[in-house]
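Spelled out from the first residue to the last, the chains are:
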Amino acid sequence: MTELVLIAAIGGFGLAFAVVMARRLLRRSAGAPALVRVSEVIGGGIRRYLRRHDVVVLAAAGVLGALVFVAYGVAYQTGSVQAVAPREFGVWFALSYVVGVCVAVAAGRTAAWANRRASGPVATSAARSIDETLQVGIRAAAVSGVGAMSAGLLGMGMLCLVIHWVGVSPPAGDAPIR
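Remember, it's a predicted structure, so these values are computed and weren't measured experimentally.

**Observations concerning the overall build of the protein chain**
Right, so step 1: Within the protein chain one finds 4 helices and 0 strands.
Right, so step 2: When its helices and strands are written in sequence order, the protein chain yields α-α-α-α.
Right, so step 3: A separation of at least 24 residues holds for 78% of the contacts in the protein chain among residues at least 6 apart in sequence.
Right, so step 4: Carbon and sulfur atoms make up 72% of the accessible area of the protein chain, which totals about 10,700 Å².

**What about the pattern of salt bridges?**
A side chain of one charge can pair with a side chain of the opposite charge when the charged atoms of the two come close.
Right, so step 1: Under the criterion given, the structure shown has 3 salt bridges.
Right, so step 2: Measuring nitrogen to oxygen at the nearest pair gives 3.9 Å for the salt bridge that ties arginine 37 to glutamate 40. Of this pair, arginine 37 and glutamate 40 both sit in helix H2 (residues 33–74), 3 residues apart, which is roughly one turn of that helix.
Right, so step 3: The class for glutamate 40 is partly exposed, based on a relative accessible area of 44%.
Right, so step 4: Note that glutamate 132 and arginine 128 form a salt bridge whose closest N and O atoms lie 2.8 Å from each other.
Right, so step 5: Judged by relative accessible area, which is 18%, glutamate 132 ranks as buried.
Right, so step 6: Given a relative accessible area of 51%, arginine 128 falls into the exposed group.

**What about the environment of isoleucine 46?**
Right, so step 1: If you trace the backbone, isoleucine 46 turns up in helix H2.
Right, so step 2: C-alpha of isoleucine 46 to C-alpha of tryptophan 113: the two residues are 67 residues apart in sequence and 8.5 Å apart in space.
Right, so step 3: In contact with isoleucine 46, other than residues within four places in its own chain, are Ala112 and Arg116.

**Examining helix H1 (residues 2–27)**
Right, so step 1: In this model H1 runs 38 Å from its N-terminal to its C-terminal C-alpha over 26 residues, within 8% of the 38 Å that 1.5 Å per residue would give.
Right, so step 2: Within H1, the full set of buried residues consists of Leu4, Ala8, Gly11, Gly14, Ala18, Met21, Ala22 and Leu25.

Quick notes on the rules
- Residues numbered from 1 in each chain as written.
- Predicted model: local features only at pLDDT ≥ 70, side-chain atom pairs only at ≥ 80, totals over all residues.
- Heavy atoms only, no water.
- Helix = DSSP H or I, 4+ residues; strand = E, 2+ residues; numbered from the N terminus.
- Contact = heavy atoms within 4.5 Å.
- Areas by Shrake-Rupley, 256 points an atom, 1.4 Å probe, with all protein chains shown as cover.
- Salt bridge = Lys/Arg side-chain N within 4 Å of Asp/Glu carboxyl O.
- Buried < 20%, exposed > 50% of the residue type's maximum accessible area, 1.4 Å probe, protein only.
- Expected span 1.5 Å × (residues − 1).

Encoded structure:
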């Protein structure tokens, strides 16, 4: 239990760090009006791509999640000792899959936002110094990288906490697992 709380805390601190980096990125000037216009055009293309991407990914995840449930919840029947009833195992396994997909979609959206938002400030700072350019680029990468990893930690950590709190039902005749 202590490990799960530690994982959730690390994920929370990571998200807080990503928010601080995003705020620093938002404070920077987007640059000349031409750069702002190019950034807006790129942002429109990114939004259209992400809408299509999300539809395809979520549809595929729904089908695969159902297959995962069937594979582990119904078809996974063995004669050996099982710690969890097969259908409940299938539900938890499918739920874990869905949480992972949702975290991946959120991470992709965050990375696209950070990269689009950083394009103008990076181009503007490149005219001044390489040091400033690297700082802006690394901060934008921190928003997407640390944000994605922290969201993954939080998502899976919270899922494990829910499984721990709810508990799992053993097959008939076995003692409960806690």
